[in-house]
Amino acid sequence: MTVVRRQAQRRWTLVGAAVAVLCLLPAAVAAWPQPGVTADPVKLRDQILRSAGLPYQGYADLHGETGLPDLPMLGEFAQLLGGTTRVRVWHASAQSWRIATFTATGETDTYRSATGTHIWDFERNLLTQTVGEAVRLPSAADLMAPDLARRLLREMSPADRLEAAAARRVAGVAAAGLRWIPSDPDTTVGLVQVWADPATGLPLRVEVASRAGRTAFTSHFLDLDQRAPSAELLVPSRPSSAGFSVTTAQDVASALRGVGATALPATLAGRQRLAAPAEALAGRGVAAYGAGVSLFAVVTLPGRIGSQSLQAVHEGGGVTVAIGGAEAYEMQTALVNALIMRTPGTGRNRRTYLLAGSVTAEVLRQAGADLLATGQVRP
Amino acid sequence: MIFVELRKLARRPRTWVSIALLCLLPALVAVFLAVNRIAPRPGSEPAFLFAVLANGALFPAAALAIVLPIFLPVAVAVVGGDAIAGEASGGTLRYLLLRPVSRTRLLVAKLISLTVYTGLAVLMVAVTSYVVGVSLFASQPAAVVTVSGTTLTTTELVLRIAAAMGYVGVSMLGVGAIALFLSTLTESALGATLGALAALIASQVLVTLDAAGSVRPYLPTRYWLAWIDLFRDPIPWRDIERGLALQAVYVAVFLAMAWANFTTKDVKS
């Protein structure tokens, strides 16, 4: 071997070793032993449920793999459950917070304060104020780990299994974990895992898995500071060049009245209609049914949106199902099942219903059949 | 050696022609927008372009978004790919190495020359697009709205555009280092350029693929768009820091590989 070749070999060995170290570094960090944090799952759950007043600010990822079709009325909800959403949150209290949802080219900021909700939409150059509690689909704020964990854990029934989960590091915090296995055979949710700061009980990571055991939704912090955010960050600014609009919860209800004006029955598929705020809207064609994590919503869709949604589900891989004489398609995903159904008839007598939730397809079909059987009741 | 390389860069017509073409593309876009007054749909890429009709002072940011995905990396890959392979194919590499300068220093000088070219290109794109933006559109530098809805002062706007330019420039160094490494492997400048572009396209494809989520944080283009975070309020530094660190790793790794190959290479031309 020549001197030059030996030198080359030495240099390549050196570079190769350095590259190998760099490549192995992430795997080594991931394999680093997790902190030995243990917590009694019942006590941890209680601590989580008491954490609602804690302030925090940070950067988080919401990741869903449910693959819902892009229906006209789902808006950002389909993206939240079927992709990765980057969010930044500043949370002073349940009545005072801001959450920014990042997109590649813009941002939507939701501010909650005593005066209502303000939404800044950069891409529309518009600030919207909503007064009162409007009816809406779940947003990024509802799916942040602290809110989601508390909302889910409140639904536990005594028959469900609650176990400790292995500790893991989340956003630099050695978090204690719990594992909840719902006992209801009619839900699509097979497992919920929550990791929380054992010192404060603030949930830091939530994983929701399907019956098949596949994690279908994850909400977790990447960076976290458990101090109250500066008050000035929680006040929306209104640029002089931007538009401004005010809407009220009543506006939304009025719009819904125009949608269907259809009263929905008190029970569907053997499940009770949920009480307020959904109760107030049941006469306007919107209601939620069930209990625990077996929940589904029924929405009466207006003519054009109904037709577009029916077409979107059909073209998005919806499977035709037979429910009486109705035209019906269903979509099954890991966590959320949906059924869209247009009743027989013509003109004003014809209704389009969307049924969707974390229940099995059989439950939705039964609910659809019940809707057809009970008919539509004029409020 | 560094001065020699910089002088060579400045004297090459190709340098200025490529920079002029980079500046021309956003200017062309601005002219079409100004004439037709049809802005892209809000939320569509390139970032900020839909907002420039209302405020031309934002056009430098839109111009960076226009050249970043393809044209700027192509220009950097061409210069990086030509760095050593161009000298070899032109028969001048032997004469370069006759000078009492180590090959490592030559490599470092080439990288610095490439860095200067990248910085110059980004600067020229930003400056010309600012001039074009304020000339063709209504301009209110003191009323630029951040992505988060707050209003920037002129000083804040200038600082943020300067930071975005710096970030975009650094983002190009990873591609430049890959091209420089490939340039030490072959005598074909075109081959080295195409190789770097192939790596770039592969990275762009994998970044969008959910199935490649485990490797996404390590792809060279993963954090390219993080410069948009500089126009949020408050600025989220997380992705920007990761983007800078990632580019530093790519430059270090590919420069080390270029060094390992070039310093013991049998140079025949």
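All of these numbers come straight from a predicted model, not from anything done at the bench.

1. Things to note about the overall build of chain A
Across its full length, chain A holds 9 helices and 20 strands. The proportion of buried residues among the 379 residues of chain A is 48%. Of the contacts made within chain A by residues no fewer than 6 positions apart, 56% connect residues no fewer than 24 positions apart. When the accessible surface of chain A is totalled, it reaches about 17,500 Å², and 56% of it is carbon and sulfur.

2. Quick look at the sheet that holds strand 5 (residues 116-121) of chain A
Residues and elements named next belong to chain A. Spatially, the 12 strands line up as an open sheet ordered 7-8-9-10-11-1-2-3-4-5-6-12, and their pairing is mixed. Looking along the sheet, the strands with just one partner apiece sit at the ends: strand 7 (161-170) and strand 12 (243-248). Taking each pair of neighbouring strands and ignoring which way they run, the sheet shows an average axis angle of 15°. In this structure, strand 10 (residues 203-210) lies alongside strand 11 (residues 215-225), joined through 5 bridges in antiparallel fashion. In the strand pairing of strand 11, V206 is matched with S219. Running over the sheet, helix 2 (residues 41-49) touches strand 7, strand 8 (173-181), strand 9 (189-196) and strand 10 and is turned about 105° from strand 8. Contacts from helix 5 (residues 145-153) reach strand 1 (56-64), strand 8, strand 9, strand 10 and strand 11, with the element oriented near 55° to strand 10.

3. Details of the interface of chain A and chain B
Listed per partner, the contact involves 32 residues of chain A and 34 residues of chain B. Carbon and sulfur atoms make up 63% of the surface buried where chain A meets chain B, a total of about 2,800 Å² over both sides. A per-residue breakdown of the area chain A buries against chain B is headed by R11(A), T105(A) and F122(A), which together make up 22% of the total. For the pair chain A and chain B, the number of links is 4 salt bridges. One salt bridge in this structure joins R86(A) and D239(B), with 2.7 Å as the shortest N-O distance. Applying the counting rule to chain A against chain B returns 10 residue pairs in polar contact (both at pLDDT 80 or more). The leading source of residues in the side of chain A that touches chain B is helix 1 (residues 3-31) of chain A, at 10 residues. Within the side of chain A that touches chain B, the residues separate by chemical class into 18 nonpolar, 6 polar and 8 charged.

4. Some words on the nonpolar core
Judged by nonpolar contacts, the single largest core of 97 residues is most densely connected at F48(B), V52(B), L72(B), L93(B), W227(B), F231(B) and F254(B). Ranked by residues supplied to this core, first place goes to helix 7 (residues 154-185) of chain B with 15 residues. Each residue touching F48(B), except ones within four places of it in the same chain, is listed here: F122(A), L58(B), A61(B), A62(B), V147(B), W227(B), I228(B) and F231(B). Counting 49 residues, the second-largest nonpolar core is a separate cluster that includes A165(A), A176(A), W195(A) and F217(A).

5. Details of the packing of aromatic side chains
All told, the structure shown has 12 aromatic pairs over all chains when counted by the stated rule. Note on Y56(A) and F221(A): the rings are 5.7 Å apart at their centroids and 80° apart in plane angle, and the pair reads as edge-to-face. Linking Y56(A) in strand 1 with F221(A) in strand 11, this pair joins segments that are 165 residues apart in sequence. Here the two residues Y56(A) and F221(A) agree in accessibility, since each one is buried. Members of the aromatic cluster, connected to one another through ring pairs, are F122(A), F48(B), F50(B), W227(B) and F231(B). The ring of W90(A) has R98(A) lying over it, and the distance from NZ or CZ to the ring centre is 4.2 Å.

6. Re the UniProt feature "transmembrane region" (unreviewed entry) in chain B
Residues and elements named next belong to chain B. According to UniProt, the feature "transmembrane region" (unreviewed entry) maps to residues 15-35, 47-68, 74-97, 109-137, 157-182, 189-209 and 244-262 in the numbering used here. Across residues 109-137, the secondary structure splits into 97% helix and 0% strand, with the terminal C-alpha atoms separated by 41 Å. With 100% helix and 0% strand, residues 157-182 has end C-alpha atoms that lie 38 Å from one another.

7. Notes on the sheet that holds strand 20 (residues 352-357) of chain A
Residues and elements named next belong to chain A. The 6 strands are arranged 15-16-20-19-18-17 in an open sheet whose pairing can be described as antiparallel. Both outer strands of the open sheet, strand 15 (286-291) and strand 17 (319-323), are each paired with one neighbouring strand and no more. Going from strand to strand, the sheet's axes swing by 20° on average, the running direction of each strand aside. The sheet contact formed by strand 17 and strand 18 (residues 326-332) spans 5 bridges and is antiparallel. Paired with T320 across the bridge in strand 18 is Y329.

Rules and cut-offs
- Residues numbered from 1 in each chain as written.
- Chains lettered and ligands numbered in written order.
- Predicted model: local features only at pLDDT ≥ 70, side-chain atom pairs only at ≥ 80, totals over all residues.
- Heavy atoms only, no water.
- Helix = DSSP H or I, 4+ residues; strand = E, 2+ residues; numbered from the N terminus.
- Buried < 20%, exposed > 50% of the residue type's maximum accessible area, 1.4 Å probe, protein only.
- Contact = heavy atoms within 4.5 Å.
- Areas by Shrake-Rupley, 256 points an atom, 1.4 Å probe, with all protein chains shown as cover.
- Pairing = 2+ DSSP bridges.
- Axes fitted to C-alpha atoms, helices over the stretch in contact; angles between N-to-C directions.
- Buried area = accessible area lost by both parts, 1.4 Å probe.
- Salt bridge = Lys/Arg side-chain N within 4 Å of Asp/Glu carboxyl O.
- Polar contact = N/O pair within 3.5 Å; in protein donor to acceptor, adjacent residues only side chain to side chain.
- Nonpolar A, V, L, I, M, F, W, Y, C, P; charged D, E, K, R; others polar.
- Core = buried A, V, L, I, M, F, W, Y, C linked by side-chain atoms within 4.5 Å.
- Phe/Tyr/Trp six-rings, centres within 6.5 Å; stacked < 30°, edge-to-face > 60°.
- Lys NZ or Arg CZ within 6 Å of the ring centre and 35° of its normal.
- UniProt positions renumbered as here; feature names shortened; annotations may be inferred.

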